[in-house]
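Remarks on the overall topology
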Amino acid sequence: MVAGDSALIIQNKGGGHGEIGYHLALQLVMDRGFSVTILHEGPNKGKPPHNSYSDLEAAGVNVIWCDDLADADVCIGALNGATFSAVIDNWSKSPEAIRPYAELAKEWEVNNYAFISSAGMYTPPKGDFSAISEDCDVKSSGQRQAEVFIAELGLPFTCFRPQYIYGPKQGKSYLGYFFDRATRDRSIPVPNDGSQMVTMTHAADNAAMVAAAVDNPAAVGEVFNCATSSLISYRELALLCAEAAGNTVSIASYDPKAFELPKGFFPFRDAPFFVSAEKAQKLLGFEPKNFIKDDIKWYYQNNYKAAGGLSKEVDFAFDDVVLGK
C-alpha cells in the first residue's frame, strides 16, 4: 500500500518549468499538509530557483539530488523504498523517460499521476487566433507521446500544459528581451503590429492549479491548460517593461517573414498564441492570484536588475537588421 498524504515531485533542473516545483512543494506542505519529497535532476549549481531551496528545507521538504533522472534505477533507489500517494512529474519529455517512474507509480497504486507537459504541442488551424482549448489538434511531440503512454498504462493521470511562465525564482526569462532594449534606449522590435495576445502566468499560479488536482477525483483522466486567464498584447508588454525600467521607448514593428532570424530572437510566436483556462476554472475551481501588470516592477528590480541585467553584454545585430540600420 502507498503512504497517505504524500507526494513525490520529479523535478527538472531548471528552464521554463523549473520554478513550478518550488512553489508546488511549498503549497502541498503548507496548504495541504502533505509530506513532500523532490527527486531532483542535478547538480545544484546555486542558481534560481535552487538558491531559494532553504525555504523548502525549512518547510520539511526532502530534496534528493540525482545527477541524471534518465538513470531511473539509481534515482529510484535513492528513495530507499519510500512510497507515495501522488506523483507529479515535472521532468519527463518522452515516453521512454516517463516509463520507469509511471510504472513505479502504478505499483504504488497512486491516487494521481500529474504530468506537467507543454502547450507548445498545439497546432491550431491556420488563421484561427482565438483562445486554444484542450481539444485543439496537437503534434506528436515527445511530451504528447508521454501523455498517451500514462493514459494507456491505466494510471489515474492528469496532464497540464503550461505556456509562458514568470516568477520571483525564475531561471529562464521571457521578459529579458524587452528589458534589454528598454534599459539601453533601444527601440523594441515586435513582429507585425504587436497586437498579438499572450498569457504570462506566475509559476505560483501554475503550481496552484497542479496542487488543486492532487487527490482530486475530478482531475483524473483530464488535460488542463495550465495558464492564467489574463491576456496581454506584445505591445502592451513591451511598454509595461519600459515603464518598470523607468524609460520611454518606441515600439518598432517588423515583418517576420521578411527576414531570416535565429530561433528565439523574439521570445514569443509571431502569431497570437494563447490558451484558455476555462476548463480548470470549472473543474478545479482555479483562479489566478497574480498578474503581470501588477508584478512587473518587482520583476524588473528583483529578477532582471538583481541578476545583472543592466551590465550584461547584449548583441543587437539582428535588431539592426529588422530596424534597417
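All figures in this text were calculated on a predicted structure; none of them were measured in a lab.

**Focus on helix H4 (residues 95–108)**
For an α-helix, the turn length of 3.6 residues means that residues three or four places apart are oriented alike. For H4, with 14 residues, the first-to-last C-alpha span of 19 Å sits near the 20 Å given by 1.5 Å per residue. Considered for burial, the residues of H4 that qualify are Pro-95, Ala-97, Ile-98, Tyr-101, Ala-102, Leu-104, Ala-105 and Trp-108. Here the buried face of H4 lies against strand S1 (6–11), strand S2 (35–41), helix H3 (72–77), strand S4 (86–90), strand S5 (112–116) and helix H5 (142–152). Immediately downstream of H4, the backbone of Glu-109 shows phi near 55°, a positive value.

**Comments concerning the packing of helix H1 (residues 18–30) against helix H7 (residues 203–213)**
Helix-helix packing is described using two parameters, namely the angle between the two axes and the distance between the axes. Remark: H1 packs on H7, axes separated minimally by 8 Å, with the N-to-C direction vectors making an angle of 55°. Taken together, the axis directions place H1 and H7 in an arrangement best described as oblique. Considering how the two elements wind past one another, H1 and H7 form a crossing that is right-handed. Only Ala-203, Ala-204, Asn-206, Ala-207, Ala-208, Val-210 and Ala-211 of H7 make contact with H1, whose side of the interface consists of Glu-19, Ile-20, His-23, Leu-24, Gln-27 and Leu-28.

**A few points about the packing of H4 against H5**
At a closest axis distance of 9 Å, the pairing of H4 and H5 adopts a crossing angle of 30°. The orientation of H4 relative to H5 falls into the category roughly parallel. Where H4 crosses over H5, the two elements pack in a sense that is right-handed. Residue-level contacts link Pro-95, Ile-98, Arg-99, Ala-102 and Glu-103 of H4 to Gly-142, Gln-145, Ala-146, Phe-149 and Ile-150 of H5. Split by residue class, the contact of H4 with H5 holds 6 nonpolar, 2 polar and 2 charged.

**Overview of the environment of Ile-88**
When you line up the elements, Ile-88 lands in strand S4. Along the chain, Ile-88 and Gly-21 lie 67 residues apart, while their C-alpha atoms are 8.8 Å from each other. Leaving out residues up to four positions away in the same chain, Ile-88 has contacts with Ala-7, Leu-8, Ile-9, Ile-10, Leu-24, Leu-28, Ala-114, Ile-116, Val-210 and Val-214.

**A short note on the pairing of strand S11 (residues 222–226)**
Across the 5 residues of S11, 4 count as buried, placing the element largely inside the fold. Of the pairings in the sheet, the one linking strand S6 (residues 157–162) to S11 comprises 5 bridges and is parallel in character. Across the sheet, the residue bridging to Thr-158 is Glu-222, located in S11.

**Some thoughts on the nonpolar core**
Counting residues in each nonpolar core, the largest one holds 40 residues, and the members touching the most others are Leu-175, Phe-178, Phe-179, Ile-188, Met-200, Phe-266 and Phe-268. With 7 residues, the single largest contributor to this core is helix H8 (residues 234–244). By size, the runner-up hydrophobic cluster in this structure holds 34 residues, among which are Ala-25, Ala-86, Phe-224 and Cys-226.

**A closer look at the sheet that holds S4**
Strand pairing in a sheet takes place through backbone hydrogen bonds and is either antiparallel or parallel in direction. If you trace the 7 strands from one edge of the open sheet to the other, you get S3-S2-S1-S4-S5-S6-S11, paired in parallel fashion. Each edge of the open sheet is held by one strand with a lone partner, namely strand S3 (62–66) and S11. In this sheet, neighbouring strand axes are inclined to one another by 15° on average, regardless of whether the strands run parallel or antiparallel. Examined bridge by bridge, S5 and S6 share 4 bridges and lie parallel to one another. Counterpart to Ala-114 in the pairing with S6 is Thr-158. Lying over the sheet, H1 contacts S1, S2, S4, S5 and S6, oriented at roughly 170° with respect to S1. Most of the contacts of H5 go to S6, to which it runs at about 165°, and overall it touches S5 and S6.

The rules behind these values
- Residues numbered from 1 in each chain as written.
- Predicted model: local features only at pLDDT ≥ 70, side-chain atom pairs only at ≥ 80, totals over all residues.
- Heavy atoms only, no water.
- Helix = DSSP H or I, 4+ residues; strand = E, 2+ residues; numbered from the N terminus.
- Expected span 1.5 Å × (residues − 1).
- Buried < 20%, exposed > 50% of the residue type's maximum accessible area, 1.4 Å probe, protein only.
- Contact = heavy atoms within 4.5 Å.
- Axes fitted to C-alpha atoms, helices over the stretch in contact; angles between N-to-C directions.
- Parallel < 35°, antiparallel > 145°, perpendicular 65-115°, else oblique.
- Left-handed = near helix turned anticlockwise from the far one by under 90°.
- Nonpolar A, V, L, I, M, F, W, Y, C, P; charged D, E, K, R; others polar.
- Pairing = 2+ DSSP bridges.
- Core = buried A, V, L, I, M, F, W, Y, C linked by side-chain atoms within 4.5 Å.

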